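Structural characterization, general
For reference, the chains in residue letters:
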Amino acid sequence: MTTTCRSSFKLAFLMHNQTLSLLDITQMDLSWHQFVFLATCETMVNTFSMPNEVIHLAAGLQFAVVKTVIGTLWKVNNSTVQHLVEAFYKSLCGDGTMNSKRAAQALLQVVQPLACDRDMPLD
């Protein structure tokens, strides 16, 4: 993910050979998508030059009518993200089916013990 300080709509995901901007996302109809997990660092954080802006990549996906969006507010290293995502999907899909309505509970089940683990690096 890359951020540009001039405008909230210039926030973008850096794809393989191009960017997918927040403006692009907000103009899409993603209502048929049930769930998005943004497993990158600070996907719900705004830039320092725009601290009062409420638009970020996770919000853009919600504006595009994705039903459930999870983004992060903290800096976290890759091994911690991998652990979190694996545990999250195991909890979310434990019975073999994914139900996006269980996302908040699955995230809580994963984050609570992670927050107490002093050996788990967060940045």
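Report follows, based on the coordinates. This structure is a prediction, so every number in the text was calculated from the model and none was measured. (Residues numbered from 1 in each chain as written. Predicted model: local features only at pLDDT ≥ 70, side-chain atom pairs only at ≥ 80, totals over all residues. Heavy atoms only, no water.)

So, the packing of helix H3 (residues 78-92) against helix H4 (residues 103-116)
Where H3 meets H4, the closest approach of the two axes is 9 Å, and the angle between their N-to-C directions is 135°. Relative to H4, the element H3 lies oblique. The handedness of the crossing between H3 and H4 is right-handed. Contact with H3, carried on its side by Thr80, His83, Leu84, Ala87, Phe88, Ser91 and Leu92, involves Ala103, Ala106, Leu107, Gln109, Val110, Val111 and Leu114 of H4 and no other residues of that element. In terms of residue class, the contact of H3 with H4 is made up of 10 nonpolar, four polar and no charged. (Axes fitted to C-alpha atoms, helices over the stretch in contact; angles between N-to-C directions. Helix = DSSP H or I, 4+ residues; strand = E, 2+ residues; numbered from the N terminus. Parallel < 35°, antiparallel > 145°, perpendicular 65-115°, else oblique. Left-handed = near helix turned anticlockwise from the far one by under 90°. Contact = heavy atoms within 4.5 Å. Nonpolar A, V, L, I, M, F, W, Y, C, P; charged D, E, K, R; others polar.)

A look at the side chain of Thr68
Take Thr68: it is sitting in strand E4 (residues 68-70). Thr68 gets classed as buried once you look at its relative accessible area, which sits at 18%. The residues touching Thr68, leaving out its near neighbours within four places in the chain, are Gln34, Phe35, Val36, Ser100 and Ala103. (Buried < 20%, exposed > 50% of the residue type's maximum accessible area, 1.4 Å probe, protein only.)

Some details on the environment of His83
Topologically, His83 is positioned in helix H3. On a C-alpha basis, the gap between His83 and Leu114 in space is 9.2 Å, while along the polypeptide they are 31 residues apart.

Observations regarding the nonpolar core
Across soluble globular proteins, nonpolar side chains have a tendency to be buried as a group. With 13 residues, the main nonpolar core has Ile25, Leu30, Leu38, Leu57, Leu61 and Val66 as its most contacted residues. Only helix H1 (22-26) and helix H2 (57-63) provide two or more residues apiece to this core. For this core, the element with the highest residue contribution is H2, accounting for three residues. Counting 10 residues, the second largest nonpolar core, distinct from the first, contains Ile70, Leu84, Val110 and Leu114. (Core = buried A, V, L, I, M, F, W, Y, C linked by side-chain atoms within 4.5 Å.)

Here's the deal with the packing of aromatic side chains
Evaluation of the coordinates by the stated rule reveals five aromatic pairs. Ring geometry for Phe35 and Phe88: centres 5.8 Å apart, planes at 15°, overall stacked. Taken as a pair, Phe35 in strand E3 (residues 35-37) and Phe88 in helix H3 lie far apart in primary sequence, 53 residues in all. Taken as a pair, Phe35 and Phe88 share a single burial class, namely buried. The buried category is assigned to Phe35, whose relative accessible area is 12%. (Phe/Tyr/Trp six-rings, centres within 6.5 Å; stacked < 30°, edge-to-face > 60°.)

A few points about the pattern of salt bridges
By the definition in use, this model includes one salt bridge. Between Asp95 and Arg102 there is a salt bridge whose closest N-O contact spans 3.4 Å. With relative accessibility at 28%, the residue Arg102 sits in the partly exposed group. (Salt bridge = Lys/Arg side-chain N within 4 Å of Asp/Glu carboxyl O.)

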